[in-house]
Amino acid sequence: MTDASVGQPSAPLGAGSIISESFSILFGKFIQVVIITFVPLVLGLLVSSALNGPEVAIGLAEPDFSAPGAGIGFALATIVNLVVYTLTTALLIQLAYDAKLGRPVQIGRYIGPALSVIVPLAILSIVATLLFAIGFALFVVPGLWIYAVFSVMAPAVVIERVGFGGLGRSASLTKGYRWPIVGTYFIAFIVVIIINVVAGLLVGLIATVGGIVVGIILFAALSTIGTGLIGIMASLIYARLREIKEGVSVDQIASVFE
């Protein structure tokens, strides 16, 4: 698929710098990232377990759609997990800017702004996920391009309070930079895939020995790394695009939370 933009971007995205800084923030604020991501992930997994069974929730079994109401339960669990993911992302966005600016991380201060945008953020995340899934089903490359188009939707909603205009705002900001964004996320996707493979192996082993609850906790703990990395990366890409296209600095972006 061809990017709709014409010509070359006026300035490079700086993928290497974004990737390096994302890992630096992730591991530099690892405990805080785990706190922000772990609890929502566990809650989401518990809801999924109640609706579809714990083995399905942590990927040890496939959902049985032949059972009555199985499809509805699976759909509800998917929506719950998307809402959990969007809330986590909204929290991580604020953490990323505080960490980048060298300011203290104050998780309690992030909750109010995150909850204030949870409805449009969750709905738009569902729409973006469906579009990505359709593109990915048609072919991998269109799916990745669609992901790049809407990759900074969450920061736009959280920072600029654009509400349901988040998809359009993301499309505007990413125009001309979508393939560099795909390349930037590629590293994160590889990390997430490796973590998921390791998590699947470990969870299957430990759940057999220690029980399914232990498996759920371990799965959530390992998933915090990939979730945290992608959330932080989205925040830094958004900040870089605002800097390039609008001359807005990171401290100006972060000032909305003061």
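In case you missed it, the structure is sitting above this.
One structure accompanies this document, and this report is about it. (Residues numbered from 1 in each chain as written. Predicted model: local features only at pLDDT ≥ 70, side-chain atom pairs only at ≥ 80, totals over all residues. Heavy atoms only, no water.)

## A closer look at the overall build of the protein
Rules: Helix and strand labels come from DSSP, where a helix needs a run of H or I of at least four residues and a strand needs a run of E of at least two; each type is numbered from the N terminus. For this measure, only C-alpha atoms enter the radius of gyration; the expected value for a globule follows 2.2 Å times N^0.38, where N is the number of residues. The buried label applies to any residue whose accessible area, calculated with a 1.4 Å probe on protein chains only, is under 20% of its type's maximum; exposed applies above 50%, and partly exposed to all values in between. The accessible surface values rely on the Shrake-Rupley method and a 1.4 Å probe; as for residues, cover is taken only from the protein chains in view. The sign given to each residue is positive for Lys and Arg and negative for Asp and Glu; His and the chain ends receive no count. Charged groups are reduced to one reference atom each: NZ for lysine, CZ for arginine, CG for aspartic acid, CD for glutamic acid.
The helix and strand tally for the protein stands at 12 helices and 0 strands. Taking 258 residues into account, the globule formula puts the C-alpha radius of gyration at 18 Å, and the protein, at 18 Å, falls close to it. Seen through its C-alpha atoms, the protein measures out along the principal axes to roughly 55 × 45 × 30 Å. Evaluated residue by residue, the protein yields a buried proportion of 45% over its 258 residues. Surface exposure of the protein reaches about 11,800 Å², of which carbon and sulfur atoms provide 72%. When the 11 basic and 11 acidic side-chain charges of the protein are each reduced to a single mean position, those positions are 9 Å apart.

## Brief notes about the layout of surface pockets
Applied cut-off: Using only the protein atoms, space was sampled on a 1 Å grid; points where a 1.4 Å probe fits but cannot get out form cavities, open sets with protein on both sides within 12 Å along at least five of seven lines form pockets, and lining residues are those with an atom within 4 Å of a point. Grid points are joined across faces, edges and corners, and a volume is the space filled by probe spheres set on the points.
A volume near 190 Å³ is recorded for the second largest pocket. Glu21, Lys100, Leu236, Arg240 and Glu243 are, among the 13 residues lining the second largest pocket, the residues nearest its centre. Within the residue set of the lining of the second largest pocket, elements represented by two or more residues are helix 1 (15-28) and helix 11 (212-246). Among the elements that take part in the lining of the second largest pocket, helix 11 stands out by supplying 4 residues, more than any other.

## A word on the packing of helix 8 (residues 153-160) against helix 9 (residues 166-174)
To keep things clear, this is the line we draw: Each axis is a line fitted through C-alpha atoms, and for a helix only the stretch in contact is used; angles between axes span 0 to 180 degrees, taken between their N-to-C directions. Angle categories are assigned with fixed cut-offs, so that under 35 degrees is roughly parallel, over 145 is roughly antiparallel, 65 to 115 is roughly perpendicular, and the rest are oblique. Should the near helix be turned anticlockwise from the far one by less than a right angle, the crossing is left-handed, and should it be turned clockwise, the crossing is right-handed. The contact criterion used throughout is that any non-hydrogen atoms of two residues lie within 4.5 Å. Under this grouping Gly is polar, as are all residues other than the nonpolar Ala, Val, Leu, Ile, Met, Phe, Trp, Tyr, Cys and Pro and the charged Asp, Glu, Lys and Arg.
Relative orientation of the contacting elements helix 8 and helix 9 amounts to 115 degrees, with a least axis distance of 8 Å. On the basis of their axis angle, the class for helix 8 and helix 9 is roughly perpendicular. Considering only the axes of helix 8 and helix 9, their crossing is right-handed. The segment helix 8 lies against helix 9, with Met153, Ala156, Val157 and Glu160 engaging Gly166, Leu167, Arg169, Ser170 and Leu173. Taken together, the residues that form the contact of helix 8 with helix 9 break down as 5 nonpolar, 2 polar and 2 charged.

## Considering the nonpolar core
Counted only if it meets this: In this description, a nonpolar core means a group of buried Ala, Val, Leu, Ile, Met, Phe, Trp, Tyr and Cys residues linked to one another through side-chain atoms lying within 4.5 Å.
Ranked by internal contacts, the top residues of the largest apolar core, which has 58 residues, are Tyr97, Leu121, Ile181, Met233, Ile237, Tyr238 and Leu241. The greatest single-element share of this core, amounting to 11 residues, is contributed by helix 11. If we skip the residues at most four places from it in the chain, Leu241 touches Leu13, Val152, Leu173, Thr174, Tyr177, Ile181 and Glu246. Among the nonpolar cores identified, the runner-up in size contains 11 residues, and Leu45, Ala57, Ile195 and Leu222 belong to it.

## Digging into the pattern of salt bridges
Our working rule: Think of a salt bridge as a Lys or Arg side-chain nitrogen and an Asp or Glu carboxyl oxygen that are within 4 Å of each other.
Per the counting criterion, the structure on display carries 8 salt bridges. We note a salt bridge from Glu246 to Arg169, for which the minimum N-O separation is 2.7 Å. Pair noted here: Glu246 is in helix 11 and Arg169 is in helix 9, with a separation of 77 residues, a long-range link. Overall, the relative accessible area of 37% leaves Glu246 in the partly exposed class. One continuous salt-bridge network, built from bridges that share partners, spans Glu160, Arg169, Arg242 and Glu246.

## Focus: the environment of Ala171
For Ala171, the location among the structural elements is in helix 9. With 23 residues separating them in the primary sequence, Ala171 and Ala148 have C-alpha atoms 8.5 Å apart. The residues contacting Ala171, other than those within four sequence positions of it, are Val149 and Arg178.

## Some thoughts on the packing of aromatic side chains
Aromatic rings in a pair are described by how distant their centres are and how their planes are angled relative to each other. Stated formally: A pair of Phe, Tyr and Trp rings is counted when the ring centres sit within 6.5 Å of each other, with Trp represented by its six-membered ring. The angle between the planes then sorts it: under 30 degrees is stacked, over 60 is edge-to-face, the rest tilted.
Within this structure, the stated rule accounts for 7 aromatic pairs. Plain terms: the ring middles of Phe27 and Phe30 are 6.1 Å apart, the flat faces sit at 20 degrees to each other, and that makes the pair stacked. The interplanar angle of 80 degrees and the centroid separation of 5.3 Å between the aromatic rings of Tyr147 and Phe189 together place this pair among those described as edge-to-face. Residue Tyr147 is located in helix 7 (residues 140-149), and its partner Phe189 is located in helix 10 (residues 178-210); the two are separated by 42 residues in the primary sequence. Owing to a relative accessible area of 21%, Phe189 belongs among the partly exposed residues under this scheme. Through a chain of ring-to-ring contacts, three or more aromatic side chains come together here, namely Phe132, Phe136, Tyr147, Tyr185 and Phe189.

## Describing the environment of Phe189
For Phe189 and Gly228, which are 39 residues apart along the polypeptide, the C-alpha to C-alpha distance reads 12 Å. Once you skip the residues sitting within four places of it in the chain, Phe189 turns out to touch Leu144, Tyr147 and Ile230.

## Digging into a nonpolar patch on the surface
What counts here: Like charges are joined within 9 Å and nonpolar side chains (Val, Leu, Ile, Met, Phe, Trp, Tyr) within 5 Å, but only among residues with over 30% relative accessible area and no salt bridge; these make up the patches.
A surface patch of nonpolar side chains, about 940 Å² in accessible area, is lined by Val119, Ile123, Val127, Leu131, Ile134, Leu138, Phe139, Val141, Phe164 and Trp179. Within the element layout of this structure, Ile134 appears in helix 6 (residues 118-138).

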